[in-house]
Amino acid sequence: REKAQMLKQKFHGRGEAEASNGAAPVGAAADLQQSRENELRKALEASERRERETRESSMRREQDSQAMLAAETAEVQRLKRELEHAMEDGERQRTQVRQLAEEKDAVVGRLRGRVDELEQEL
């Protein structure tokens, strides 16, 4: 029994000594943990800031793309209208050329007839 009591006292004595010696490592561990938490917090904030900047940049690029698309669409519509007008003008000119050619042919025909009449009179 005495041996057991002595062992218990030695064991408890070491435990108390270790506890008093372990206070410094526990404080250092808490400081290390706090430092690590601060690093992680800063990393999280930086990551969130980069995400926000990336989203904003993406939104600006999307808005720019939409504005460019709208401008291109307007330009395409303008060119289509211009092409339609040019095609209409071309068709009018072809019709006018046909009419002029028919009138020319009629005038030439009359002139030939008149020339024939004059030749017969001579």
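Residues numbered from 1 in each chain as written. Predicted model: local features only at pLDDT ≥ 70, side-chain atom pairs only at ≥ 80, totals over all residues. Heavy atoms only, no water.

## Brief notes about the overall build of the protein chain
Right, so step 1: Scanning the protein chain for helices and strands turns up one helix and zero strands.
Right, so step 2: Considering the protein chain as a whole, with its 122 residues, one finds that 2% of them fall into the buried category.
Right, so step 3: Within the structure as shown, the protein chain displays about 11,600 Å² of accessible surface, and the carbon and sulfur contribution to it stands at 54%. (Helix = DSSP H or I, 4+ residues; strand = E, 2+ residues; numbered from the N terminus. Buried < 20%, exposed > 50% of the residue type's maximum accessible area, 1.4 Å probe, protein only. Areas by Shrake-Rupley, 256 points an atom, 1.4 Å probe, with all protein chains shown as cover.)

## Focus: the pattern of salt bridges
Right, so step 1: As enumerated under the stated definition, the model contains eight salt bridges in all.
Right, so step 2: Note that Arg36 is salt-bridged to Glu39, the shortest N-O span being 3.6 Å. Of the two residues, Arg36 and Glu39 both sit in helix 1 (residues 2-121), three residues apart, roughly one turn of that helix.
Right, so step 3: The class of Glu39 is partly exposed, set by a relative accessible area of 46%. (Salt bridge = Lys/Arg side-chain N within 4 Å of Asp/Glu carboxyl O.)

## What to know about the confidence of the model for the protein chain
Right, so step 1: Of all residues in the protein chain, 82% attain a pLDDT of 70 or more, and the chain-wide mean is 85.
Right, so step 2: Overall, residues 14-24 carries pLDDT values under 50, and its contacts beyond four positions in sequence, including any with other chains, amount to zero contacts. (pLDDT = per-residue confidence, 0-100. Contact = heavy atoms within 4.5 Å.)

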